[in-house]
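Chain by chain, the residues run as shown.
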Amino acid sequence: MFLRKIATATALVGLMGSAAYAADCGPEGQSIRILASDFPAIHAVAGAAEANCGGAAAEFNTNHTTEARSIMNAALTPNPSEYTSVILANSTLTQLMNDGLVRPLNDLVEKYKDSIPPNLLITIDGNVMAVAFMANSQHLFSRKDILEQAGVDGIPATYEEVIEAAEKIRAAGIMEHPIAMNLQTGWNVGEVFNMIYLGHGGEFFEPGSAEPSINNEKGVAALETMKALVEYAHPDHLTHASNETQGLWESGQAALAVMWGSRGAPILDDEGSTEEVTSNTVLSAAPTVGGGSIPAATLWWDGITIASNVSDEEAEATFAALISALNPEMVAANNDDAVWLLEGFKPGPAAAGVAATVQGGAKPYPMIPQMGLLHAALGSELTDFLKGDESAEQALADVESAYRTSAKEAGFLE
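This is a predicted model, so every value here is computed, not measured. (Residues numbered from 1 in each chain as written. Predicted model: local features only at pLDDT ≥ 70, side-chain atom pairs only at ≥ 80, totals over all residues. Heavy atoms only, no water.)

A. Structural context of the environment of Ala46. For Ala46, the location among the structural elements is in helix 2 (residues 40–53). In sequence terms Ala46 and Asn334 are 288 residues apart; their C-alpha atoms lie 12 Å from each other. When near neighbours in sequence (up to four residues on either side) are disregarded, Ala46 contacts Phe60, Thr62 and His64. (Helix = DSSP H or I, 4+ residues; strand = E, 2+ residues; numbered from the N terminus. Contact = heavy atoms within 4.5 Å.)

B. Local environment of the side chain of Glu316. Relative to the helices and strands, Glu316 is located in helix 13 (residues 312–325). Exposure remark for Glu316: the relative accessible area of 13% places this residue in the buried category. At 2.8 Å, the side chain of Glu316 forms a polar contact with the side chain of Lys111. Residues within four places of Glu316 in sequence aside, it is in contact with Gly26, Pro27, Leu108, Lys111 and Tyr112. (Buried < 20%, exposed > 50% of the residue type's maximum accessible area, 1.4 Å probe, protein only. Polar contact = N/O pair within 3.5 Å; in protein donor to acceptor, adjacent residues only side chain to side chain.)

C. Here's a closer look at the nonpolar core. One finds Leu76, Val131, Phe133, Phe319 and Trp340 to be the most contacted residues of the largest nonpolar core, which totals 72 residues. In this structure, Phe133 is in contact with Ile42, Val45, Ile87, Asp302, Gly303, Ile304, Leu326, Val339, Trp340, Leu341 and Leu342, ignoring residues within four places of it in sequence. Tyr159, Val189, Leu229 and Val399 belong to the second-largest nonpolar core, a separate cluster that totals 58 residues. (Core = buried A, V, L, I, M, F, W, Y, C linked by side-chain atoms within 4.5 Å.)

D. Just the confidence of the model for the protein, in detail. For the protein, the mean per-residue pLDDT works out to 92, and 95% of the residues sit at or above 70. Note that pLDDT drops below 50 for residues 1–22; the model gives that stretch 60 contacts with residues more than four away or on any other chain. (pLDDT = per-residue confidence, 0-100.)

E. Spatial organisation of the layout of surface pockets. Space inside the largest pocket adds up to approximately 1,000 Å³. Ser37, Thr66, Arg69, Trp187 and Asn188 are the residues nearest the centre of the largest pocket, which is lined by 44 residues in total. Those elements giving two or more residues to the lining of the largest pocket turn out to be helix 3 (68–76), strand 3 (85–89), helix 4 (90–97), helix 8 (187–199), helix 10 (242–250), strand 9 (298–306) and helix 16 (371–381). Among the elements that take part in the lining of the largest pocket, helix 16 stands out by supplying five residues, more than any other. Split by residue class, the lining of the largest pocket holds 17 nonpolar, 20 polar and seven charged. (1 Å grid on protein atoms, 1.4 Å probe; cavity = no way out; pocket = protein on both sides within 12 Å on 5 of 7 lines; lining within 4 Å. Points joined across faces, edges and corners; volume = space filled by probe spheres on them. Nonpolar A, V, L, I, M, F, W, Y, C, P; charged D, E, K, R; others polar.)

What follows is the structure, encoded as structure tokens:
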């Protein structure tokens, strides 16, 4: 898979094709309007783009929000659309492509090719649909001091070892709820199932079709793993996304967490936490599960797209501004904020967990059109099981039923 190649080549070797940096900002006097997620690496890219090209634009606005995924389709549907660009990831690209809301970038890539290494191009059916700039993945965060205090030997390498370590921490009276995970009802709880299901060796669809294939032995095993984990999670775990789990960690209220690699730098820095927490935090590969050999995680890229429903001039100005940000100077100033797929990146402690997860052979998040519908069904149907209100088999049957309904409406199933 493409992500596997670029993440391995860049995150582990730290080397990629060189690109000549020049702040060519394209047509002047245009409106540049960016929708993006809210984490440090994305702030770095958007901020550099504005610093380079904001002066040449009539306006330069960026909306950093944790709701980007849920509002992007509606925001890009009008003509002209509310935003000229969405900075997004694997799954959200297909979400927008399904509705024809992002444009092929072949002509813009050709015009600005001197500033874009070819191995950053996300090409689908011959069209460049995005330009990637960073890799990301979930992985394990551990408090080595608390593990030692509880008599745990080393950093857990499997989910079974994570659960065993959590029990020892609780039994020792150190923490009642030592595990933190992004289990917020909706997208996050669906993604936890995805990564654990992949770790069990599961396949989401019947081969060559859009027919779901999760209500099986591996799906049940994945849910049982999730249920065992939440026994040691904060009581409010169904409301916790990345900001909440990072807050638990930095305040010393968790000893084992599965969080995104992009949270590594803010957790390891000297802001918002204590020396006791930061100095004892270890970043390692996502755990394996159920006797599997690969980390139970999904590999991601984040990248730039351009809206379909904007003028060609706005499209080019937005593209040029964002591409101008992908340079060694931006990387040097924000090196530890991401596993950058850009010239000048030097992997440091914050990248250790993502790098180890890539090395372990974790699978990329599936970039297939119907995956977003299955993910949404998982996010809406799994919480009853986690609350103890229904069986694993019933929860998975509910997921497949909800997915089939939306897949038929979208034309993926008859």
